[in-house]
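# Architecture at a glance
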Amino acid sequence: MQYSRRLEEFRKSVTNKFNVYNSLFLSLPYRDIENVGMLIPLLLDQCKEGLKNGKQPQEILETFFNNFVDIKDERQRLDFMFKIIQYVERQVVLYDSVEDSAFPKLQEYTNSLSVKDYFELVNQTKNWDKISKNLSSFSARFVLTAHPTQFYTPAVLDIIAELRKLIDQDKIDDIDMSLQQLGLTSLVNSKKPTPLDEAKNIIYILRNTYYDAIGELFEYIKSNIRDENFANYNIIKLGFWPGGDRDGNPFVTAKITRQVADELRLTLMKCYYNELKALRKKLTFKSLQEDLMILSGRLYKAMFDSKTIVGYQEIVDSLTLIREKIVTNHHGLYLKELDRFINKVHIFKTHFASLDIRQDHSKHYLTVETILKQQGAIKESLDELDQETLVHWLLEKDLQLDPADYSEDIVRDTLTNIQQLKEIQQNNGEEGCNRYIISNSEDIFSVFFVFGLFRWSGWKTEDITFDIIPLFETMKGMEASEEVMQTFFDTPLYREHLKRRNDKHTIMLGFSDGTKDGGYLKANWSILRTKETLSQVCKKNGIKAIFFDGRGGPPARGGGKTHRFYAAQTNDVANHEIQMTIQGQTITSTYGTKEQFMHNAEQLLTAGLSNDLYGEEHVISDAQRKLIKLLSELSFDKYNALKQHEKFIPYLENRSTLKYYTKANIGSRPGKRGSKKQLTLSDLRAISFVGSWSQLKQNVPGYFGIGTAIQQMKDEGRLEEVKSLYKDVPFFRALMHNSMMSLAKTNFDLTSYMEQDAEFGPFWKILYQEYQLSKEMLLQISGQEILMEDEEVSRESVKIREEIVLPLLVIQQNALYHITKDTAYKELYEKIVTRSLYGNINASRNSA
């Protein structure tokens, strides 16, 4: 009943409103071409019917142009298709605005556990002491990344915010004006953004959404927790990768890192100044004016001048003095408002978000090798040193390095950056930048290289105020992780470092590359097993394990229903803190408004704490573990055979949008690691890999192999065991739900013409057969009749979004087809493919 009421509200507040405003939008003239919008419903109908009847995209468009618009000239057809793409992009923006506007209403009919619900349940169980203790130390860290699927500019985000507000109020005339503004505002960057541009775009969201959202959520928890001394200002923490993540973006330099750190601090000073300015209108008492004016003046200067540093303690001391005067002399008037401001200062201090540094292990290897060559320790290669000698150099040899002594850019910049991190900590506070993450960690040197580089760059061993975090993201890395971590704990000098870091060790696990490497089920099962093993290793050594999950938007990159995943973790996984990346368009689609951020942050908090509340133990029995392992191995064998297929990489290169990701002005980084001409899967970034399958509407990484694995169990008479696994093990059920979401967003009709392709027809059939089998098997074990049957609203939303972009996808496939032919307009067709990426990425909301 609850689901039906929510679906009814969705259709009223989203579907119906979108249809009304969409009809208004489609009637608007777009620049010098009228009635283009009015033809979109006709094109949509032709696409749906044509694909259903097995027609090729080029046939569908040929029929449309001949029967509805009478355009014969190929160049004019191309111009018309560009206009269609522009309309569809804006339809997506309109739909986003309508859906975001309805978000608060839809939450009234949800079964999701909010913090308010959580407190009510605590009240019933009388567990306040235990829960208060847990909430006083638990935290969720959201780490924002700048991956190249987050590309709405602040101008477009402002239009979305304004539309959202107007839709709430049903102001039809003003909505009309905003839609016209949207029609004339470019959604596409005219040139590739720089890493600094990307950082500023995300900082815009920090300032306009998260500053107030986190403040409000903290106030709600503090006022309801029944603990007057509650002061866990870290209950929600923000991390930041733009400007610090070199592995994600090799164009990030030491200079950009410093500029982004300054931008974070300066923007926070603007937030503080504006909040203080609003308070000054209320705190008009004579005895406060000098104190308020001095602090306001300091903040004003600090928000424009990066050399003017106003420290955290200075701000707190000034506000505390003002507070004391209000209590003593002014009857506590407006004390609540002032306390809210003080709490925000405690939360954000002077850094706003912690800027993480990330680099690939291979770059540190090259840097250390170059340094030791210059030092005369080796002639050519680090392989000349045994492990003990190399560790001795890194942990005990004292070097004083000058970046200017090295000609290699990567060596010079790595050293320059590590040296400047001291200054960033001085300006933004230690929390402003105190984590260094190493991608592709597979041995002890992933961490020891960085430790050594800090020592050689002017940091005293006892003064290294950084957590050095290995990122285990490959099957090899996860398999080696237990031995690697134990070696760290057995190394006295490093163990002393951990003691100074409060006996905690953060360990990052990569879902994106893990799935690309091992397939969906095996990667996720391996990550859970790795977490359990490392939790045990850390506990045995007196270390508190903190797991940091590198999660992308779609299920294939660790996304999907995130709170469901965390609520399903076993009791053998350390649960001190939830840390996760928020990537791509997920930043705006899932955490983009204050209401969305607060709701999803609450979901993560309650997911992490729910086991304590209910006293539930998520235990997976030995028999269940054996079955999951068997399923993961069977699905991996099927996925691995696909990876090894001779047409796997050529198919992506020649029949997908893979190479067009780098041509789009979405992000500043290249689409693959390294500069090799021959494309390999290991060099391919997970975003463009998963995103390309998404553009094809094949979503292979989210399910491939699962159907084959379950079918084998069925053939062996063990299907009932798999059904029980789905019913009884939340972790397995969460994974299968995410795979069903991937399947629900799949549409093989779009590429059915490839079945006749001389080169890739047999490969396409392999994909299609596994899709059909996976869908059939997942429906059987879940007992559902249709995909996402128990998620009516999400299913309805997916359906609408997929319909909006269907004309765009048909146009994209038509362009890909013509590119393979001898056409005079190849360049224009390539531009159409590139341009069509945008609308589909945004419509999917978690496609890459």
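Residues numbered from 1 in each chain as written. Predicted model: local features only at pLDDT ≥ 70, side-chain atom pairs only at ≥ 80, totals over all residues. Heavy atoms only, no water.

## A short note on the nonpolar core
- Judged by nonpolar contacts, the single largest core of 192 residues is most densely connected at Phe 240 and Phe 732.
- Among the elements that make up this core, the one with the highest residue count is helix H9 (residues 195-224) (13 residues).
- Beyond its immediate stretch of four places on either side in the chain, Phe 732 contacts Leu 521, Ile 628, Leu 631, Val 722, Leu 725, Tyr 726 and Ile 781. (Core = buried A, V, L, I, M, F, W, Y, C linked by side-chain atoms within 4.5 Å. Buried < 20%, exposed > 50% of the residue type's maximum accessible area, 1.4 Å probe, protein only. Helix = DSSP H or I, 4+ residues; strand = E, 2+ residues; numbered from the N terminus. Contact = heavy atoms within 4.5 Å.)

## Points about the packing of aromatic side chains
- Evaluation of the coordinates by the stated rule reveals 44 aromatic pairs.
- With a centroid separation of 5.2 Å and an interplanar angle of 70°, the aromatic rings of Tyr 300 and Phe 304 are classed as edge-to-face.
- A residue is classified by how much of its surface remains accessible, and Tyr 300, at 43% relative accessible area, is partly exposed.
- For Phe 304, a relative accessible area of 54% translates into the label exposed.
- Members of the aromatic cluster, connected to one another through ring pairs, are Phe 648, Tyr 651, Phe 689, Trp 693, Phe 760 and Phe 763.
- The positively charged end of Arg 435 is found above the aromatic ring belonging to Phe 548, 4.7 Å away from the centroid. (Phe/Tyr/Trp six-rings, centres within 6.5 Å; stacked < 30°, edge-to-face > 60°. Lys NZ or Arg CZ within 6 Å of the ring centre and 35° of its normal.)

## With respect to unusual backbone geometry
- Even without being glycine, Asn 699 reaches a positive phi, approximately 45°.
- In this structure Asn 699 comes out as buried when scored by relative accessible area, which is 13%.
- Backbone geometry at Met 788 places phi at a positive 60°, although glycine is not the residue there.
- Counting through the fold element by element, Met 788 comes out in the loop between helix H31 (761-782) and helix H32 (792-819).

## Digging into the sheet that holds strand S5 (residues 435-439)
- The strand order across the open sheet formed by nine strands is S3-S2-S1-S9-S8-S7-S6-S5-S4, and the pairing between neighbours is parallel. Across the chains shown, the open sheet's two edge strands, defined by having one partner strand only, are strand S3 (354-355) and strand S4 (357-360).
- Note that strand S7 (residues 504-510) and strand S8 (residues 544-550) share seven bridges and pair parallel. Among the inter-strand pairings, Ile 507 is bridged to a residue of S8, identified as Phe 547. (Pairing = 2+ DSSP bridges.)

## Points about the pattern of salt bridges
- Tallied over the entire structure, the rule returns 44 salt bridges.
- Ionic pairing is found between Glu 62 and Arg 77, a salt bridge with its closest N-O pair at 2.9 Å. Pair noted here: Glu 62 is in helix H3 (residues 57-69) and Arg 77 is in helix H4 (residues 74-107), with a separation of 15 residues, a long-range link.
- Of the charged contacts in the structure, one is a salt bridge between Glu 275 and Lys 344, with a shortest N-O distance of 3.2 Å. Of the two residues, Glu 275 is situated in helix H10 (residues 254-280) and Lys 344 in helix H13 (residues 335-348); the sequence distance between them amounts to 69 residues. (Salt bridge = Lys/Arg side-chain N within 4 Å of Asp/Glu carboxyl O.)

## Brief notes about the pairing of S8
- Summarising burial for S8: six of the seven residues are buried, a large majority.
- Strand direction decides the pairing type here: S8 and strand S9 (residues 577-582), joined by two bridges, are parallel. Counted as the bridge partner of Asp 549 is Met 580 from S9.

## Focus: the packing of H10 against helix H11 (residues 289-302)
- Remark: H10 packs on H11, axes separated minimally by 8 Å, with the N-to-C direction vectors making an angle of 150°. Here H10 is positioned roughly antiparallel relative to H11, judged by the angle of their axes. Where H10 crosses over H11, the two elements pack in a sense that is left-handed. Of the residues in H11, those touching H10 at Leu 266, Met 269, Tyr 272, Tyr 273, Leu 276 and Arg 280 are Leu 292, Met 293, Leu 295, Ser 296, Leu 299, Tyr 300 and Ala 302.
- For the contact of H10 with H11, the residue count by class is eleven nonpolar, one polar and one charged. (Axes fitted to C-alpha atoms, helices over the stretch in contact; angles between N-to-C directions. Parallel < 35°, antiparallel > 145°, perpendicular 65-115°, else oblique. Left-handed = near helix turned anticlockwise from the far one by under 90°. Nonpolar A, V, L, I, M, F, W, Y, C, P; charged D, E, K, R; others polar.)

## Observations regarding the confidence of the model for the protein
- Considering every residue of the protein, the mean pLDDT works out to 88; 90% of them sit at 70 or more.
- A low-confidence stretch, residues 553-560 (pLDDT under 50), is modelled with 43 contacts involving residues beyond four sequence positions or located in other chains. (pLDDT = per-residue confidence, 0-100.)

## Remarks on H32
- Here H32 contains 28 residues, and its C-alpha end-to-end distance of 39 Å stays within 8% of the 40 Å for a straight helix at 1.5 Å per residue.
- In the structure, H32 departs most strongly from a straight axis at Leu 806, where the bend amounts to approximately 45° and where the proline Pro 807 lies between one and four residues downstream.
- With 23 of 28 residues buried, H32 lies mostly within the body of the structure. (Expected span 1.5 Å × (residues − 1). Bend = angle between axes of the 7 residues up to and from the residue.)

## Regarding the pairing of S7
- Among the seven residues in S7, six count as buried, and that is most of the element.
- Here two bridges tie strand S6 (residues 467-472) to S7, and the two strands are oriented parallel to one another. Bridged to Phe 472 within S7 is Leu 509.

## Re the environment of Met 777
- Residue placement: Met 777 occurs in helix H31.
- Residue Met 777 is classed as buried on the basis of its relative accessible area of 0%.
- C-alpha separation for the pair Met 777 and Ile 710, spaced 67 residues apart in sequence, amounts to 6.4 Å.
- Sequence-distant contacts of Met 777, defined by excluding residues within four places in its chain, comprise Gly 707, Ile 710, Gln 711 and Lys 714.

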